[in-house]
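Listed below are the residues making up each chain.
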Amino acid sequence: MADFDPQILNEPRIAPPEEFQKRARVRSLEEYQEQYDRAAADPEGFWLEKADLVEWFTRPVKTLEWDEPFAKWFVGGKLNVSYNCLDRHLTHRANKPALLWEGEDGKTAEITYAELHGLVCRFANVLLSLDVKAGDCVAIYMPMIPELLVALLACARIGAVHNVVFGGFSAPALADRINDAGAKVLVTADGGYRRGRIVPLKEAADAAAEKCPTIKKVVVVRRTGAEVAWKAGRDFWWEDVMNTAARECAAVPFDSEHPLFILYTSGTTGKPKGVLHTCGGYLVQTTWSTQLIFDLREDDVYWCTADIGWVTGHSYVAYGPLSNGATLVMYEGAPDFPQRDRFWQIVEKYKVSILYTSATAVRAWVQWGREWIDKHDLTSLRLLGTVGEPINPAAWKWYFQVIGRGMCPIVDTWWQTETGSIMISPLPGATPTKPGSATLPLPGIAAKVVTLEGLPVKPGETGYLVIERPWPSMLRTIYGDDERYRRDYWSRVPGKYFTGDAAQCDANGYFWVLGRVDDVIKVAGHRLSTMEIESALVSHPSVAEAACVSRPDEIKGEAIVAFVTLRAGQEMSGALRISISDHVATVIGAIARPAEVRVADLLPKTRSGKIMRRLLRELAQKGGISGDTTTLEDISVIEKLSHYKAAADDE
Ligand code: PRX
């Protein structure tokens, strides 16, 4: 958790830009407050009203069945998520572009709602022909190409549960996720482009499939044309199976609580959690929040830069915007390829009006300098958003002035894989903002900052961020582990959902999210578990013991520092250090590669043998120890570790 400068609480609020406010859906803080109060007084009535934003084949008979910690939302309702994202637009948006896609190599595609509908129906038929049935799981491991969106919606159409694994994860991480979810079919590509190089996804998919007995079929999109290994009978080219598939595929009604997807995220143990979301509540809340927070209009060109492999991509690239009939931009590659103005080229070319990105991206742009921005006409932009980690006020102000010309409101949106949709955020035409604060909870969201006993903390005091009442897009469980679901989220603070974040509220009731209180760290907005990295480290043949902590990083927010002890007879060398880092990248993915690997004879432990991460954190962040070391077993350990830096620099 980063140090928090209480001074920023006193910064003046920035009113929503006037021009924006005039046209906005919600135009004043009073209007927001009125909605918030109305929702608080009758949450079920409020959410039932929001359920009208989607089309139901059978309307729900009851808003919520709550048997803590298990929720059923919009009980008795039947709907089809893909119908809501596609078919319902065909009467009046058939020729509207749903997707403006750009590959890193410059290839482009424009796909209308009618065309997307056709592709999704075909691929739904492909899945059916591969024996995928409602409730079966389909793993998706793809670059950011249109077929990824098609695969998602095709699963939703037939009631298959998708499990998207970010293309940056390695083969073992993919295999773990496939096995946990028991996926039957894997959809992948021959590769994708990243910084001009081909990411060999099929190779990783093959290595994973070898270890996944449940995978019977693999569908492969030809994206790069690279030569790939082939297993006849198991592997099918996308274009082949699509060519022979029927164009019609009726959208079948599914129960509101039918599972929609499993998305793995990191928790406090080494084992990732399969966060389970279901159809009705998730679709209602993503549809509603997209409208409200992005103030979405019919003529907007909306670009959420997240990868669909993360929850932001699920909710705010795919489901929320498509359910609203938006035109979305999707880009395959790196922001600095071929040069550092790729994003601005895209904004200018497609006249992007809404840009939703990560705090890490903003910090990188600050560092790259404004000459990359000044080359381009960004006047199409009318709203900016950030997500994933706290944004420092300086980066916020730069985003506001340099990208937004002081005319675009910024929505700093707080939420989680588990919450399914945005929970705390300004309403762009209503909420005065404070750089660095996600401001106020949305109507219907009972967010509070409390002690572990559940008691409210005073303004300006740090506590735990909790949600006091269930909400429609909440996770339903951790797939296959109801007990872990209960323990992690509903038992830390009795009767409330525990977010794992520390926060403060200020005198205006604004929320300041400070960071995680558990062993989860955020590197470039990607959620990683220190335990997962540690188990990767100790699987290296030279490593005996490992402990990971984070230190602040100017661009990525946090960076990983790994402390390791070596097995007997091993000597640290530059080559070994690289080999250890590479090993983590092979086991989990490049996103988990430690920024530093430090070697110690011993790790600091308490007398009972617990690694003292607090001390390691202090060492990694400040270079020395000032905190309490009285429970430390061997004080000389710290002495030795403190000298590490000089030794590493000498190397
Ligand atoms: O610590 C909070 C941080 O990201 C965590 C959730 O991570 P993940 O499930 O990967 O979802 C990220 C995208 C929704 C939270 O527990 N976080 C997310 N948004 C913000 C944030 N921290 C501060 N400000 C935010 N706007």
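Before reading on, note that the structure itself is shown above.
In this text, all values refer to a predicted model and were calculated from it rather than measured experimentally.

Draft legend 1. Here's a closer look at the layout of surface pockets. Taken as a whole, the second largest pocket spans an internal volume of roughly 280 Å³. K107, P146, E147, V221 and R222 are, among the 16 residues lining the second largest pocket, the residues nearest its centre. Counting only elements with at least two residues in the lining of the second largest pocket, the list comes to β5 (108–112), α7 (146–158) and α10 (238–243).

Draft legend 2. Inspection of the site of the ligand at higher detail. Lining the immediate environment of the ligand, one finds 17 residues, of which D412, T413, T417, D501 and R527 sit closest. Here D501 contributes a side-chain N or O atom positioned 2.8 Å from an oxygen atom of the ligand. Between an oxygen atom of the ligand and a side-chain N or O atom of K522, the distance comes to 2.8 Å. Notes on the ligand: free accessible area 540 Å², of which the protein chains cover 96%. Among the elements of the structure, α12 (311–323), β20 (410–413) and β25 (511–516) are those that each provide at least two residues to the shell around the ligand. Its residues assigned to classes, the shell around the ligand comprises six nonpolar, five polar and six charged.

Draft legend 3. The arrangement of the packing of helix α14 (residues 359–368) against helix α16 (residues 393–403) in detail. Between α14 and α16, whose axes approach to 9 Å, the crossing angle comes to 75 degrees. Taken together, the axis directions place α14 and α16 in an arrangement best described as roughly perpendicular. Touching V362, R363, W365 and V366 of α14 are A395, W398 and Y399, all from α16.

Draft legend 4. Focus on the side chain of T278. Structurally, T278 can be placed in strand β15 (residues 273–278). On the basis of relative accessible area, T278 is assigned to the buried category, the value being 3%. A polar contact of 3.1 Å, which involves the side chain of T278, links it to the side chain of E257. At 3.3 Å, the side chain of T278 and the side chain of R476 are in polar contact. Leaving out residues up to four positions away in the same chain, T278 has contacts with S256, E257, H258, P259, L260 and R476.

Draft legend 5. Representation of the environment of T530 in the model. Along the chain, T530 turns up in helix α18 (residues 530–538). Considered as a pair, T530 and E596 are 66 residues apart in the sequence and their alpha carbons are 14 Å apart. Beyond its immediate stretch of four places on either side in the chain, T530 contacts D519, I521, C548 and R613.

Draft legend 6. Examining helix α3 (residues 43–50) more closely. Buried within α3 we find P43, F46, W47 and K50. With its buried residues spanning 90 degrees around the axis, α3 presents them on a single face. Along its buried surface, α3 packs onto α2 (29–41), β1 (62–67), β2 (70–75) and α11 (279–293).

Draft legend 7. Quick look at the pairing of strand β16 (residues 301–304). A two-sided burial pattern is seen for β16, the buried positions comprising V301 and W303 on one face and Y302 and C304 on the other. Judged from the two bridges that link them, β16 and strand β17 (residues 327–331) form a sheet pairing that is parallel. Residue pairing across strands places Y302 opposite L328, the latter belonging to β17. Of the crossover connections in this fold, the one passing from β16 over α12 to the parallel β17 is right-handed. Pairing geometry for β16 and strand β18 (residues 354–358), over three bridges, is parallel. From the neighbouring strand, Y302 faces β18, where its bridge partner is I354.

Scoring rules and cut-offs
- Residues numbered from 1 in each chain as written.
- Predicted model: local features only at pLDDT ≥ 70, side-chain atom pairs only at ≥ 80, totals over all residues.
- Heavy atoms only, no water.
- 1 Å grid on protein atoms, 1.4 Å probe; cavity = no way out; pocket = protein on both sides within 12 Å on 5 of 7 lines; lining within 4 Å.
- Points joined across faces, edges and corners; volume = space filled by probe spheres on them.
- Helix = DSSP H or I, 4+ residues; strand = E, 2+ residues; numbered from the N terminus.
- Near = heavy atom within 4 Å.
- Polar contact = N/O pair within 3.5 Å; in protein donor to acceptor, adjacent residues only side chain to side chain.
- Areas by Shrake-Rupley, 256 points an atom, 1.4 Å probe, with all protein chains shown as cover.
- Nonpolar A, V, L, I, M, F, W, Y, C, P; charged D, E, K, R; others polar.
- Axes fitted to C-alpha atoms, helices over the stretch in contact; angles between N-to-C directions.
- Parallel < 35°, antiparallel > 145°, perpendicular 65-115°, else oblique.
- Contact = heavy atoms within 4.5 Å.
- Buried < 20%, exposed > 50% of the residue type's maximum accessible area, 1.4 Å probe, protein only.
- Arc of directions from axis to C-beta.
- Pairing = 2+ DSSP bridges.
- Right-handed = clockwise from strand over helix to strand, strands pointing away.

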